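Architecture and fold: a report
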Amino acid sequence: MEEDAGLFAKVEALDSVPLVETERDKLEDPGFEVASPPPEAEDEPHVRCSRPEKGHSATSANKREEKTAPRDRIQALHLRRTLDHLEKLHREKDVFIEKTREELRACRQRAGLLTEQQDSVAARVATEREATNMAAVGRLQALSGRLRVELEKEQCLQARAVATLRDSESAMWHIEIQEGRLEGVRKRAQEEATSARRCLQVQAARRLHREEEALVKVERNRLLRVRRSMYLQKEHGVRHQRLVEDAQKNHKVAVKLLKASLGRIREQERKERKESLEHLKRRMEAVLALKGSIAANRETLRKFQAWGQAKAALAEQRAQVEKAEILAHGGDAFKHLFHQRRYQELEAQNRAFEEEQRLRKQEIVSRILKEEAKEDARKKKACPPAKATARLTLRDKAWSYVAHICEGKATAAMTCCPLQLQEIDSPAHPRTSRLVEAVSSESVQGGSGNVTGKSGMLAEPEIPGLWSEDCDSYQVPKEDMDQKPVRGTKVDKDILARTVEQLPSRIVHKQVASGHSFKGQPFHSKPKLIHFKDFDIGKVYKKKIRLVNATYMINYCKLVGVEEHLKDFVHIDFDPPGPMSAGMSCEVLVTFKPMINKDLEGNVSFLAQTGGFSIPLKCSTKKCSVSLDKELVDFGSCVVGETASQAITLTNIGSLGTRFRFLRASESCEVDTSPLALNTSDLFTYKDKGFYDKIVPSFSEGQKDGDESSPLDTPSPKESGKLGSKEPEVGPVESEGMTVPTITALPVGEDQAEISLGEVTEGDISPFSSIRVPIIFTPVIPGAVHTRFKVMFKNQQCPTLCFRAVGVAMDVPVWVPKPQVDLKICMYDRLYQDSVLVRTRSKATLRLTFEVCKELRAHIELLPETGYIQALSSYSVQLKFLPRHSLPEDAGKYFDKETRVLEAPVTIQVSDQIKPVGFTVHAIVTTSDLELKPPEVDFGYCTIYEAIRTQVSLCNHSLLPQEFGFVGLPKFVDIQPNDGFGTILPLETLHLDVTFQPSEAKEYDFELLCKSEISRCFRLTCRAVGVHPPLDLSHHQIKFAATSLYGTSVATLYVINSHLSTSPLTHSVPRIGSEDASPVGPTTFEFLLPPDSPITISPSVGTVLPGKARKDTATPRKDLQRPSFSRLQLQDRGQLVQASPRQPLELQKPDVNSSSDEYLAAQAALARSFQGKFDKFVVPCVLASGDIKDRKGMEPLSFSPHNTLFLELWCPAVAPAIVVTSDKGKTISNFGDIAVGHRCIKKVSIQNISSEDLAVDFSVLNPSGPFVLLNPIRELPAGETRVLALSFSPQESVLAQEMLDIITRRGTLSLTLMGTGVASTITCSIEGGVLNMGYVIARESVSSGFQLQNNSPLPIKFSMRLDSLSNGRTEGRQQVPQFLASRDQRTDIVGTQNLSGQSVFSVVPVEGILEPSRAQDFTVTFSPDHESLYFSDQLQVTLFDKMLSHQILLKGAAREHMMFVEGGDPLDVPVESLTMTPTLALERREEAEELKPILVTLNYVQLDTDTPAPPATRELQVGCIRTTQLTPKKSIEFSLDSIASLQHKGFTIEPSRGAVERGQTKTISISWVPPAYFDPDHPLTASALLQLRGDVKETYKVLLVAQVVTSP
């Protein structure tokens, strides 16, 4: 193929004349010609075979021959090359000559065509010149000139091709002459090749002999080697046996050691598994207990909520009852006002008294605290140290009291607590008694628990007698409890009680501004939390907070106070600022003086005009909060014999120091097991109040996320140490405190000895400091090492922290400390670098060679590729990663195309080390492409009065977030959101809105540039055409007034034509883009209303003259359409569900069948309770130049889709005045299917749902239509219902529909009247109206069935009638017999009948009733009594005894025997003779058997003489009738003779013979193609005998007549 291609190229290069001349010159050149062979070539070739010669005389002759042999071979080689070259040139010239001849032939054809065209053009020129059509003459002359030029070119090309062909033939002759001269050389070369092959055979025989001798020697040597190898193998077997025995001994020792090691490992794993199971069990129990506690708390909360709701309802009920009683008794308003004023005065007095009492209380407490402080200082100096140690501290006493209270032992707590309040009746202490009386009633009467709780916070009193245990607690005298108020009766008490209850509601007022009531906290605090952190006892701390008025109006703020347990330590300085405007602020000074070392929490309460609010206050003591910087110390890979060290940092972020100690997890530490007297609030003070506060919210979240791990199973790194250390060390927590049992030490394993602690294992850690503790790894045996450590603290509040240390011991001299180099997420075509460190433990210098797999060498590079690492040192190599876009194809298996993860292995070849060192480079490679979809935006045509908005998707294909922004936007384009700037997340698609609003009419072609943060640009091509339409609207937006349902509103707008001049200098002319300006003149408009919209614009089509305006009227008709009804239905149901939440669930289903009763009832209810609806429509208005009156007939104007104006309509709807109450509110009265001529009456009820009487009028129905209003009314009172009677009487089968408008001044209600006049129609299953029963044996019968389907909704009475049995047939017998008329004039469809007088066809059933949508089966039986081919009859289907529905033609044929032949042209009439044909005996019939003719005419259609036509084809059907009679044969056979003669005449018959089974038919296809000698003027005739053999033998003569026709 390559040679052919080169040859074609050469031939194409020879198309021009100069190239051919050049080639001819080369052929004539002597250098090109092949020289005549030398004289030596004519002799025998000198290539001779070396043969052994006898004697020394032949030696010199051989030498001469050897000298001349190379020269002969060279000459022979030149001759062969010359021959090959000549053959090649011969082939090329043959191809070139053939192609040139084809081109010459094509050129001559083109020249002939051009000549014919010239003649045709000349004739046309003469014709046009005679017709004086000079324009056509000029055009034809120009065409004639072009044809003449083309003809001259073709003639030149033809002459050039002839010259080229002549030159090529001349060159071909030269080549053939040269080949003839070298013919002898070719023969001699063949002889030389033959002799050379004989010489080679002789040499091969000699070489074979030598090879056989060498083979014998090789076999002898092989036997010697075998003997030697057997001897060596025996010696090797002895040595191998010794080595195997030694290996077995070593294996036994290794197995023994391995079993011991595995035993220790399994024992350790068993212990760890047991500990983990116990740990898991304890955690599960804790979770279950927590779950139960949460459930109990929820149940309690529900009970409290229910109790609060019931209490509020009861209070509300009481207030209502009391109000009703006052009104029922006719209370005095003046007296009630007087009591209110008196209550206000009492309230002011109470507030002043409370304020004074609070100030006195604070003063007294401060004095007591000062005295206690002095007393403590004095006792410390006076008391010996031994008594101080034996005495319980206040913290221990407080803890003991709290524990007893939790157990319900309030009495014991009272006796054991030394701090109790005593009643002092002695006159020696009048000052103290007054001080006690000054205490508020809450502290005195709050119960013993509260008193002791308060006293637990105080120090030792200055006067011991008041606090001794012998003194009884102060009891309020009963007389004081029952003391009556001064000047107060029982009525005054009741009034005072009611006034006190109503006081909060009078103080707090609801603030409403601009219709919005304020909800929420009235004042905001800055900061939101008052937090005194890490306080010291005795110091004073102050903080200022700012209160900002967050309400809508002026507000007031009043300090209520702090909670009771904070009053002794917290003091609030607040000067009420008076009325504060919205947004104003005031300052509050909070002073905290701690007296006990305890966490305090509470609220500072304030009261505003809109309600109370509080600010949380928190006081936290100094705590010790310790943590480790990591839980896993990973030494990585370390060579055996070396020592690696890492440090772990212990950090204390608390303000309290403690002592620590680092231990192994298996070692024990003696810890004090004495009870820890801790306060309940101090149990969970680690970090954020302990484990319980963290686990409660986490547990609730864990229940929601079933698939995720529970927070209990996977604690955070900081919590895991606390949880893991608490469980093995801390015992069960009792109410009095916690005890920590002593842990027994476990034996230290061999692997744990390899990882040890440094010198610093214990010490003190100061507040807000950290300590680094070294961990040392000294590997001894290669393998993984794992050790656990724990950190214990002296402060029992600090939990035990645990961490692990792991390492891998390696025995290779060179290793990579970081075998996984993670480059994170990388982008294509960006360079990433990292440094890879290589270490060695060898004491010699080693050469390192870094190799990257060949797939990734184009993307990853290591510099330098070869290096030397010094002894006991490290070596750093630079890794450069530049991923290219071909990385997925290059990397192959190292790159996952789905996850985009690259795992590139890098090998380090070390000299003198067999095992290479490897590390892996990990990277996630992603692209930085941002894709804009679609890449091109075509806004199309937009007028200057509108804006077009389209949505563009910006897709980030990268795995990294990217910032983007559209820069350089033109003024007529806007991109939202954020003006086209933002950040797109990985693999996110943002949808941006691009808005285009042209300012003038022109073509816009611009690009929007989107830049990413790495300065990559992505362009969005935009195109648009600005259009200035020739017309304008006075209003582009119309807002209709509220229109009732079924009502009408009208609005007016103007279409303005301001186009008066086409000069662009005076004003902006109307145009489409850059096209020509619109012509000045009348302009036509047309409003295109949306389909199914309730809008009417009149006129919707019109013409506006220049400088004029056209008035249009827009009318919306509001209907409760189905889409809006569905929306309203959902809204209404939502309101129903909110009002009555106990409704069945079926009412809340949004999907309801539109024809169901529930749906219709809801629709009627919504029509009554319709609250309104708002619709918005956009109506386009197309424009066209010209007047609508100038168009011809119904020819449409050329409206331009680009000159389009848009009108926006706002259509609000309100409830109607009249509604339909019957038929579930339907406004469509469907009478259904009514038979033609019948009458149906339907009643419709209408109701006036408005509040006034309405006068009613009705529209006029069609007087000729089927609908009639029987009882029109004149007036419809408010709230009443009237019934309208409507009748429907169809006169024809048609679907009737009319509108009946009920007109009132409040609106119009339209009723749709529908009905269908139904005519009785049925369908028949017989297609074409012909039922052919086929062939039947005479005097036998066959049956066939068909169906009639009732398609009407009414029952139909039917009857079947045969024409042969009808009365009207006797009238037809008086006419001329049908067989006397021509075939076209025959109209009688009743054919041959039975000779017995019975009908040959019968049908069952004859009559009946067809139910609606039912089908009836009918059976037709064909029973002929003699042989005939023309049995026929007609079956008529009559409905209701008067309407003819269907006519079915029945056909059939009968034969005396079981075979028949169909097809051919008819030769007889389809009517039997009136005389009966006598029947002959079988023998006589066989003797008198005649040939039955069959005429077959074939017309061969010849349309075109050049194109062959398909053959003429006809078919004959040979069949065998199925019969119940016993016959000797169950099938028939047929055969045709004279096939050969028919084929000679062009006839083809397939098949010529065959067999047909019973009930089957077979087709004989006859086709004809005119033979060569056929005369079209004379038809071709032929004949053949067709024989059928069955129960009898029948012979048919088939006459074939063929002719050729020119049209089908």
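As a reminder, the structure under discussion sits directly above these lines.
Quick summary incoming for the structure in this document. For clarity, every value in this text was computed on a predicted model and none was experimentally measured. (Residues numbered from 1 in each chain as written. Predicted model: local features only at pLDDT ≥ 70, side-chain atom pairs only at ≥ 80, totals over all residues. Heavy atoms only, no water.)

Describing the overall build of the protein chain
When you go through the protein chain residue by residue, the secondary structure sums to 23 helices and 77 strands. Among the 1608 residues that make up the protein chain, the fraction classed as buried is 33%. Counting only contacts in the protein chain whose residues sit at least 6 apart along the sequence, the fraction spanning at least 24 positions is 73%. When the accessible area of the protein chain is evaluated, it comes to approximately 97,200 Å², of which 53% is carbon and sulfur surface. (Helix = DSSP H or I, 4+ residues; strand = E, 2+ residues; numbered from the N terminus. Buried < 20%, exposed > 50% of the residue type's maximum accessible area, 1.4 Å probe, protein only. Contact = heavy atoms within 4.5 Å. Areas by Shrake-Rupley, 256 points an atom, 1.4 Å probe, with all protein chains shown as cover.)

Structural notes on helix H20 (residues 1157-1168)
With 12 residues, H20 should cover 16 Å at 1.5 Å per step; its first-to-last C-alpha distance of 17 Å lies within 8% of that length. Residues of H20 that are buried include every one of Tyr1159, Leu1160, Ala1162, Ala1164, Leu1166 and Ala1167, and no others. (Expected span 1.5 Å × (residues − 1).)

A word on the sheet that holds strand E54 (residues 1257-1258)
By way of backbone hydrogen bonds, the strands of a sheet pair with one another, either parallel or antiparallel. With mixed pairing, 4 strands are arranged side by side in an open sheet as E51-E59-E58-E54. Only two strands of the sheet have a single partner each, and these edge strands are strand E51 (1228-1235) and E54. Bridging between E54 and strand E58 (residues 1295-1304) involves 2 bridges; their strand directions are antiparallel. Each bridged residue has a counterpart across the sheet, and for Asp1257 the counterpart in E58 is Ile1303. (Pairing = 2+ DSSP bridges.)

A word on the pattern of salt bridges
Two side chains of opposite charge can pair, provided their charged atoms sit close to one another. Under the counting rule described, the total for this entry stands at 29 salt bridges. By sharing partners, the salt bridges in this structure join Glu1427, Arg1455, Lys1492 and Glu1594 into a single network. (Salt bridge = Lys/Arg side-chain N within 4 Å of Asp/Glu carboxyl O.)

Some words on helix H6 (residues 183-329)
Taking 1.5 Å of rise per residue, 147 residues should cover 219 Å, yet H6 covers just 155 Å from first to last C-alpha, more than 12% shy of that figure. Every buried residue of H6 is listed here: Val185, Arg186, Arg188, Ala189, Glu192, Cys199, Arg283, Val287, Leu290 and Ile294. Of the residues trailing H6, Gly330 is marked for its positive phi of about 70°.

Re the nonpolar core
Counting residues in hydrophobic clusters, the biggest one holds 39 residues, and the most contacted among them are Phe1547, Ile1564 and Leu1586. Tallying contributions element by element places strand E76 (residues 1580-1589) first for this core, with 5 residues. In this structure Leu1586 touches Val1461, Phe1534, Ser1535, Leu1536, Ile1564, Glu1594, Thr1595, Tyr1596 and Val1598, once residues within four positions along its chain are discounted. Among the nonpolar cores identified, the runner-up in size contains 35 residues, and Cys826, Val838, Leu862 and Phe895 belong to it. (Core = buried A, V, L, I, M, F, W, Y, C linked by side-chain atoms within 4.5 Å.)

Some thoughts on the sheet that holds strand E66 (residues 1415-1422)
One open sheet accounts for 4 strands, arranged E60-E62-E66-E64; its pairing is antiparallel. Among the strands making up the open sheet, the edge pair consists of strand E60 (1322-1324) and strand E64 (1401-1404). Neighbouring strand axes in the sheet, compared pairwise and without regard to direction, differ in orientation by 25° on average. Pairing analysis gives 8 bridges linking strand E62 (residues 1342-1350) to E66, with the strands arranged antiparallel. Within the sheet, the bridge partner assigned to Val1342 lies in E66 and is Phe1422. (Axes fitted to C-alpha atoms, helices over the stretch in contact; angles between N-to-C directions.)

Some points on the environment of Thr1096
The topology assignment puts Thr1096 in strand E45 (residues 1095-1098). Owing to a relative accessible area of 46%, Thr1096 belongs among the partly exposed residues under this scheme. Along the backbone, Thr1096 and Thr1048 are 48 residues apart, and their C-alpha atoms lie at a distance of 9.9 Å.

Description of the packing of aromatic side chains
Under the counting rule described, the total for this entry stands at 30 aromatic pairs. Seen in terms of ring centroids, Phe996 and Tyr1004 are 5.2 Å apart; in terms of plane orientation they differ by 75°. Their pairing is edge-to-face. Each member of the pair, Phe996 as well as Tyr1004, carries the same accessibility label: buried. With a centroid separation of 5.6 Å and an interplanar angle of 70°, the aromatic rings of Phe1422 and Phe1431 are classed as edge-to-face. Neither residue differs from the other here; Phe1422 and Phe1431 are each classed as buried. By the ring-pair criterion, three or more aromatic residues cluster together here, those being Phe939, Phe972, Phe996, Tyr1004 and Phe1006. (Phe/Tyr/Trp six-rings, centres within 6.5 Å; stacked < 30°, edge-to-face > 60°.)

Let's talk about the environment of Tyr832
Its location among the elements puts Tyr832 in strand E22 (residues 832-840). Counting along the chain gives 47 residues from Tyr832 to Leu879, while the straight-line C-alpha distance between them is 8.2 Å. Not counting residues within four places of it along the chain, the set of residues in contact with Tyr832 comprises Ile825, Cys826, Met827, Leu879, Lys880, Phe881 and Pro883. From its side chain, Tyr832 meets the backbone nitrogen of Met827 in a polar contact 2.9 Å long. (Polar contact = N/O pair within 3.5 Å; in protein donor to acceptor, adjacent residues only side chain to side chain.)

What about a negative patch on the surface?
A surface patch of like charges, here negative, comprises Asp94, Glu98, Glu102, Glu103 and Glu176. A total of 4 residues in the negative patch trace back to one element, the largest contributor, which is helix H4 (residues 58-130). (Patch = residues over 30% accessible without salt bridge, like charges linked within 9 Å, V, L, I, M, F, W, Y side chains within 5 Å. Lys, Arg positive; Asp, Glu negative; His and termini not counted. Charge placed at Lys NZ, Arg CZ, Asp CG, Glu CD.)

What about unusual backbone geometry?
With glycine set apart, most residues show a phi of negative sign, and most peptide bonds adopt trans. Cis geometry is adopted by the peptide bond preceding Pro864, which originates at Leu863 and carries an omega value of -5°. Among the secondary structure elements, Pro864 is positioned in the loop between strand E24 (860-863) and strand E25 (866-869). In this chain, Lys933 is followed by Pro934 through a cis amide linkage whose omega measures -10°. Of note, Pro934 is situated in the loop between strand E30 (930-933) and strand E31 (936-943). Look at Asp829: it is not a glycine, yet its phi comes out positive at around 60°. Looking at the element boundaries, Asp829 is found in the loop between strand E21 (820-827) and E22. If you check the backbone angles, Arg1339 has positive phi at about 70° while not being a glycine. Topologically, Arg1339 is positioned in the loop between strand E61 (1330-1337) and E62.

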